[in-house]
Amino acid sequence: MKSARTLQQLALTVKRSLHHSHPAQRSAGIIGAPFSKGQSRGGVETGPDKIRAAGLVDRLQQQGCAVKDYGNLTFEDIVPDEPVRGSRRVRAVGSANQRLSEAVQAVKKDGHTAVMLGGDHSLAMGSIHGHAAAVGPLSVVWVDAHADVNTPLTSYTGNLHGQPMSYLLYELQSKVPALPNFSWMKPCVSSQDLVYIGLRDVDPAEHHILKLLGVKAFSMSEVDQLGVARVMEETCDYLWDRAKKPIHLSYDIDAIDPSVTPATGTPVVGGLTYREGLYITEHLCQTGLLSAVDLVEVNALRGRTEADVHSTVSTAVDLLLGCFGRLREGNHLPDYSLPEP
Ligand SMILES: [Mn+2]
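Every value quoted in this text rests on a predicted model; they were computed, and no experiment measured them.

**Quick notes on the sheet that holds strand E8 (residues 290-296)**
Okay, so step 1: Reading across from one edge, E2-E1-E3-E8-E7-E4-E5-E6 is the order of the 8 strands in this open sheet, with parallel pairing throughout. Taken across any chain shown, the strands that pair with only one partner, and hence form the sheet edges, are strand E2 (66-72) and strand E6 (216-219). Here the average twist between neighbouring strands, direction ignored, is 15 degrees.
Okay, so step 2: Here strand E1 (residues 27-33) pairs with strand E3 (residues 113-118) via 6 bridges, running parallel. Its bridge partner lying in E3, alanine 33 is registered against glycine 118.

**Here's the deal with the pairing of E1**
Okay, so step 1: Among the 7 residues that make up E1, 7 are buried, leaving the element largely enclosed by the rest of the structure.
Okay, so step 2: Where burial is concerned, the two faces of E1 agree: the one with Ser27, Gly29, Ile31 and Ala33 and the one with Ala28, Ile30 and Gly32 are both buried.
Okay, so step 3: Relative to E2, E1 runs parallel, the two being bridged by 5 bridges. The residue of E2 that forms the bridge with glycine 32 is asparagine 72.

**Brief notes about the state of the cysteines**
Working definition of a disulfide: a covalent bond connecting the sulfur atoms of two cysteines.
Okay, so step 1: Counted under the stated rule, the structure contains 0 disulfides.
Okay, so step 2: Free of any disulfide, cysteine 285 has its nearest neighbouring cysteine sulfur in cysteine 323, separated by 7.3 Å.

**A word on a nonpolar patch on the surface**
Okay, so step 1: On the surface, Leu333, Tyr336 and Leu338 cluster together to form a nonpolar patch covering roughly 340 Å² of accessible area.
Okay, so step 2: Examined against the element boundaries, leucine 338 turns out to sit in the segment after helix H11 (306-323).
Okay, so step 3: Assessed through its relative accessible area of 65%, leucine 338 is described here as exposed.

**As for the coordination of the manganese ion**
Okay, so step 1: Summarising the metal site, the manganese ion is bound by the protein donors His121 (ND1), Asp144 (OD), Asp148 (OD) and Asp252 (OD), whose distances to it range over 2.0 to 2.2 Å.
Okay, so step 2: When the donor residues of the manganese ion are listed from N- to C-terminus, their spacing reads H-x22-D-x3-D-x103-D. Of this pair, histidine 121 sits in the loop between E3 and helix H5 (124-135) while aspartate 148 sits in the loop between strand E4 (139-143) and helix H6 (164-168), and the two are 27 residues apart along the sequence. Each member of the pair histidine 121 and aspartate 148 is classed as buried.

**Some words on unusual backbone geometry**
Okay, so step 1: Cis rather than trans, the peptide bond between valine 79 and proline 80 has omega equal to -5 degrees.
Okay, so step 2: Mapped onto the elements, proline 80 comes out in the loop between E2 and helix H4 (90-109).
Okay, so step 3: Here the phi dihedral of arginine 89 falls at roughly 55 degrees; this positive angle occurs in a residue that is not glycine.
Okay, so step 4: Relative to the elements of secondary structure, arginine 89 occurs in the loop between E2 and H4.
Okay, so step 5: Of note in this structure, aspartate 148 is not a glycine but carries a positive phi near 50 degrees.

**Brief notes about the pattern of salt bridges**
Okay, so step 1: Applying the stated rule across the entire model yields 10 salt bridges.
Okay, so step 2: The partner of aspartate 69 in a salt bridge is arginine 52, with the nearest N and O atoms 2.7 Å apart. Of this pair, aspartate 69 sits in strand E2 while arginine 52 is found in helix H2 (residues 47-53), placing the two residues 17 residues apart along the sequence.
Okay, so step 3: Ionic pairing is found between arginine 91 and aspartate 81, a salt bridge with its closest N-O pair at 2.9 Å. Taken as a pair, arginine 91 in helix H4 and aspartate 81 in the loop between E2 and H4 lie far apart in primary sequence, 10 residues in all.
Okay, so step 4: Residues participating in the shared-partner salt-bridge network are Asp49, Arg52 and Asp69.

**What to know about the packing of aromatic side chains**
Okay, so step 1: Scanning the model with the defined rule gives 3 aromatic pairs in all.
Okay, so step 2: Consider the rings of phenylalanine 35 and phenylalanine 75, whose centres lie 5.4 Å apart with planes at 70 degrees: the pair is edge-to-face. With a gap of 40 residues between them, phenylalanine 35 in the loop between E1 and H2 and phenylalanine 75 in the loop between E2 and H4 connect regions that are remote in the sequence.
Okay, so step 3: On the basis of relative accessible area, phenylalanine 75 is assigned to the partly exposed category, the value being 21%.
Okay, so step 4: Seen from their ring centres, tryptophan 142 and tyrosine 196 are 6.5 Å apart, and the 65 degrees between their planes marks the pair as edge-to-face. Residue tryptophan 142 is located in strand E4, and its partner tyrosine 196 is located in strand E5 (residues 194-199); the two are separated by 54 residues in the primary sequence.

Thresholds, definitions, all that
- Residues numbered from 1 in each chain as written.
- Predicted model: local features only at pLDDT ≥ 70, side-chain atom pairs only at ≥ 80, totals over all residues.
- Heavy atoms only, no water.
- Pairing = 2+ DSSP bridges.
- Helix = DSSP H or I, 4+ residues; strand = E, 2+ residues; numbered from the N terminus.
- Axes fitted to C-alpha atoms, helices over the stretch in contact; angles between N-to-C directions.
- Buried < 20%, exposed > 50% of the residue type's maximum accessible area, 1.4 Å probe, protein only.
- Disulfide = S-S within 2.5 Å.
- Patch = residues over 30% accessible without salt bridge, like charges linked within 9 Å, V, L, I, M, F, W, Y side chains within 5 Å.
- Areas by Shrake-Rupley, 256 points an atom, 1.4 Å probe, with all protein chains shown as cover.
- Salt bridge = Lys/Arg side-chain N within 4 Å of Asp/Glu carboxyl O.
- Donors = N, O, S within 2.8 Å, 3.2 Å for Na, K, Ca; no water.
- Phe/Tyr/Trp six-rings, centres within 6.5 Å; stacked < 30°, edge-to-face > 60°.

What follows is the structure in structure tokens.
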């Protein structure tokens, strides 16, 4: 009886300390990936510097998060880079992602939560590959208007930012042709360890793939039906049913409604509200399992006004702060003491 009570108390203490785990215990390792060749619109390569200029590093530090900024990666210009099986800039995308994968591995080995600032969403290949290479099997939470799971053979556009998940999933390997500069790339995600949130623009082939593999997806219909709190509860229940693995959050800014984040390459109406978008980050942060975050597709040249760009970039910063412990109820550092009169 006595020991049962002690155990119960211990469990309670552990639960409390988990719930109150402080952001100061986290550290962010930031990698800028100014890369835009996974799609055809210029401007997305300025994303990392725009997000930094909005004060990301200072604001993370102010909330008690240790930060190491690894700077921007540089990518070689590869010419010629003729289309392969209809896919464009394949060599540049393959080479950039190999570099990014190595950079993410280094950040993970230094013990940080990796933060990859894109750049377009083709960068998720290198980011997730590097993350998995460093820590082992992952849970992937993909927040996006699009599923980005076309194969090179199903893509309408030939843009690799619409294809990264097809290269990453074990189950699709027989459907993906060998491409130049991709020999380093090995699939590393099981379709049962992937959850989509925010989908509302899914191609027929992508929809077929999601159904064929039984991928868990909360489209905007499910967000409407269940509410974001239930979506996040079910997301974690589903992912943890097998094992509590490190979480890779791949956040495309176009998941948020274009009324809030218009400065992006492929905006789609009917997206997540600012509050829903933020809630996803708060919830994943509180799991204590968030191990890497991508924030991609911020494109300052796609905003019509300065206000468009500001709203998009500041939302991106807020999402990242949410990933590192910022709470809307307020935060204070653990050593805070009230001034004595
Ligand atoms: Mn995307």
